[in-house]
Each structure stands twice: as structure tokens, then as C-alpha cells.
Amino acid sequence: LIFRDLNHIFIFMLGELAFLPLEVLLVVLLVERLLARREQNNKLLKMNMVIGAFFSELGTYLLHSLLDNFRNKTEISKHMNVSASWSQGDFQKAAIYARNLPLDVDLSNLQLVQLREFLIGKRVFLLMLLENPSLLEHDRFADLLWSVTHLIEELEARQLNEKLPAADMQHLISDIRRMYINLAGEWLAYSEHLKNNYPYLFSLILRTHPFQEHPSPTVR
């Protein structure tokens, strides 16, 4: 009635109606992707809380205690010495190094009985983690949990107070290597997460991680 041009008005209306399903589809896909990303981020935050509990309970101890049994401890520490100035690129370089961590194990200092008793004491905690299906979707952390539980089974099955054959010792060393490589990789990823999201927790890691010369929780 105002424009007195029904022909063009109906042409534009039909054009809008034709593209309406496409516009709705694009909006739905965009909103769905945003919601999925938000859900994934929330799941990742919760997962890292549990990973943090793992390191508080036994992961950090294993990093400290086993590092002293590697002859190339100095070289490993050089590549894994996380600092406040590390960028995303530094973490990526360290992660690549950790995936092929060269561990030269010193058999003379390896305290297998002490390691077995410590790990057996954490078995209930590990089983609780394995019961969490969302954690097992995190491939890297799942590999770490399986490598730790497998090492417990191997150590528990042996009489460690007796001298083991050389081949058997090498088998145990390979299990320890596998676990430590998984442990170091997951620790780097967790440290980077804390640096980006929880600086106050990252500050404690910076002061206490074993790859520095004098780790200490004391603020200096």
C-alpha cells in the first residue's frame, strides 16, 4: 500500500524465504559449535583438576625420585627445566624431546623395593582414576595410567630381594622408561595448562619441579 509495487515486493519476499533455511542452518551450526567448544573447555578444566591430583598424589614424587637414577640427568634437566619465561614454542620443543626421552638408567642406584611399596600404596587412588570414563578419553593421560599400573603388576610379581637375571632387569627398565616418558610428557602439558590458566599454581611448579638445580617451595 505504501510503495505500490507488489511485483518487486513479492520477488524479494520469495528470495528471502528461499534462503531462510540456509540462514537457520548456518546459525544452528555456529551456535552448536560454540556450545560444543564451551563444553569441551569445561571438560578439559575438570580433567586437569584430576590430573593435578594425580601429580600431587604420586606423579611429582616419581619425577623426583626416578630422575636421580638416570646417568644423563643433567641433559634431561636442561631440556625439561620449565621457567616463567617459557613460551608455547618452548613447551612444544620440550614435548617433542620428552616423547623420545633418552633415559640412561643406573641399575646400581635403582631402589625397586622402595618404588614397589610406594606404588602399591597408591593403587586404590589409581583404580579410582581408571574408573573415570572421561579421563580415559584423554589418550595421553590414559597411557600414563596404564603404564603406571602395569609397572605395579610387574614389580609385585617378583621377589625383588633376590638378584634378578639381566634380561629380566632390562624388561623392568623398559617398563620404567615407558612410564617416565609418559609421565614427563603429561607433566609438561599440565604445566603449560597452569601457566595459561592458573599462574599461582604454576608458581609452585616453578619452585618445586625436579629439573632445576635447587628445587624448593620457599619463595626467594
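Draft legend 1. Looking closely at helix 3 (residues 88–99). Across its twelve residues, helix 3 extends 17 Å between first and last C-alpha, which sits within 8% of the 16 Å expected from 1.5 Å per residue. Phe91, Ala94, Tyr97 and Ala98 are the residues of helix 3 that are buried. Taken around the axis of helix 3, the buried residues stretch over an arc of 120°, which confines them to a single face. Exposed residues pointing more than 90 degrees away from the buried face of helix 3 are listed as Gln88, Lys93 and Arg99. Of the surrounding secondary structure, the elements contacted by the buried residues of helix 3 are helix 2 (73–80), helix 8 (166–197) and helix 9 (199–208).

Draft legend 2. How the structure looks around the layout of surface pockets. Considering only enclosed or pocket space, the largest pocket measures out at about 370 Å³ in volume. Around the largest pocket sit 19 residues that line it, and Gly52, Ser56, Tyr190, Leu194 and Ile205 are the ones nearest its centre. Top contributing element to the lining of the largest pocket by residue count: helix 1 (residues 6–67), with eight residues. The residue inventory of the lining of the largest pocket, partitioned by class, reads twelve nonpolar, seven polar and no charged. In this structure, the second largest pocket occupies an estimated 240 Å³ of space. Lining the second largest pocket are 14 residues, and of these Ala95, Arg99, Arg140, Gly185 and Glu186 sit closest to its centre. Counting only elements with at least two residues in the lining of the second largest pocket, the list comes to helix 3, helix 7 (139–156) and helix 8. Here the lining of the second largest pocket gets seven residues from one element, more than from any other, and that element is helix 8. Class assignment for the residues of the lining of the second largest pocket results in six nonpolar, three polar and five charged.

Draft legend 3. Representation of the packing of helix 7 against helix 8. In contact at an axis separation of 9 Å, helix 7 and helix 8 are set at 150° when each is read in the N-to-C sense. As the angle between them shows, helix 7 and helix 8 are arranged roughly antiparallel. As for how helix 7 packs across helix 8, the hand of that crossing is left-handed. Where helix 7 abuts helix 8, its residues Arg140, Phe141, Asp143, Leu144, Ser147, Val148, His150, Leu151, Glu154 and Leu155 lie against His171, Leu172, Asp175, Ile176, Arg178, Met179, Asn182, Leu183, Gly185, Glu186 and Ala189. Each residue belonging to the contact of helix 7 with helix 8 can be placed in one class, and the counts come to ten nonpolar, five polar and six charged.

Draft legend 4. Layout of the packing of aromatic side chains. Counting across every chain of the model gives eight aromatic pairs. Here Phe54 and Phe55 contribute two aromatic rings whose centre-to-centre distance is 5.3 Å and whose plane-to-plane angle is 85°, an arrangement assigned as edge-to-face. Between Tyr61 and Phe118 the ring centres are 4.1 Å apart and the planes differ by 35°, which places this aromatic pair in the tilted class. Of this pair, Tyr61 sits in helix 1 while Phe118 is found in helix 4 (residues 112–121), placing the two residues 57 residues apart along the sequence. Judged by its relative accessible area of 33%, Tyr61 is partly exposed. Exposure remark for Phe118: the relative accessible area of 17% places this residue in the buried category. One aromatic cluster is present, formed by Phe54, Phe55, Phe141 and Tyr190 through successive ring pairs.

Draft legend 5. Here's a closer look at the nonpolar core. Judged by nonpolar contacts, the single largest core of 56 residues is most densely connected at Phe54, Leu58, Ile76, Met80, Leu119, Tyr180 and Trp187. Counting residues per element, this core draws most heavily on helix 8, at twelve residues. Dropping the residues within four chain positions of it, Met80 is found in contact with Trp86, Ala94, Tyr97, Ala98, Ala184, Trp187, Leu188, His209 and Phe211.

Calculation notes
Residues numbered from 1 in each chain as written. Predicted model: local features only at pLDDT ≥ 70, side-chain atom pairs only at ≥ 80, totals over all residues. Heavy atoms only, no water. Helix = DSSP H or I, 4+ residues; strand = E, 2+ residues; numbered from the N terminus. Expected span 1.5 Å × (residues − 1). Buried < 20%, exposed > 50% of the residue type's maximum accessible area, 1.4 Å probe, protein only. Arc of directions from axis to C-beta. Contact = heavy atoms within 4.5 Å. 1 Å grid on protein atoms, 1.4 Å probe; cavity = no way out; pocket = protein on both sides within 12 Å on 5 of 7 lines; lining within 4 Å. Points joined across faces, edges and corners; volume = space filled by probe spheres on them. Nonpolar A, V, L, I, M, F, W, Y, C, P; charged D, E, K, R; others polar. Axes fitted to C-alpha atoms, helices over the stretch in contact; angles between N-to-C directions. Parallel < 35°, antiparallel > 145°, perpendicular 65-115°, else oblique. Left-handed = near helix turned anticlockwise from the far one by under 90°. Phe/Tyr/Trp six-rings, centres within 6.5 Å; stacked < 30°, edge-to-face > 60°. Core = buried A, V, L, I, M, F, W, Y, C linked by side-chain atoms within 4.5 Å.

Any functional reading would require information that these geometric values do not contain.
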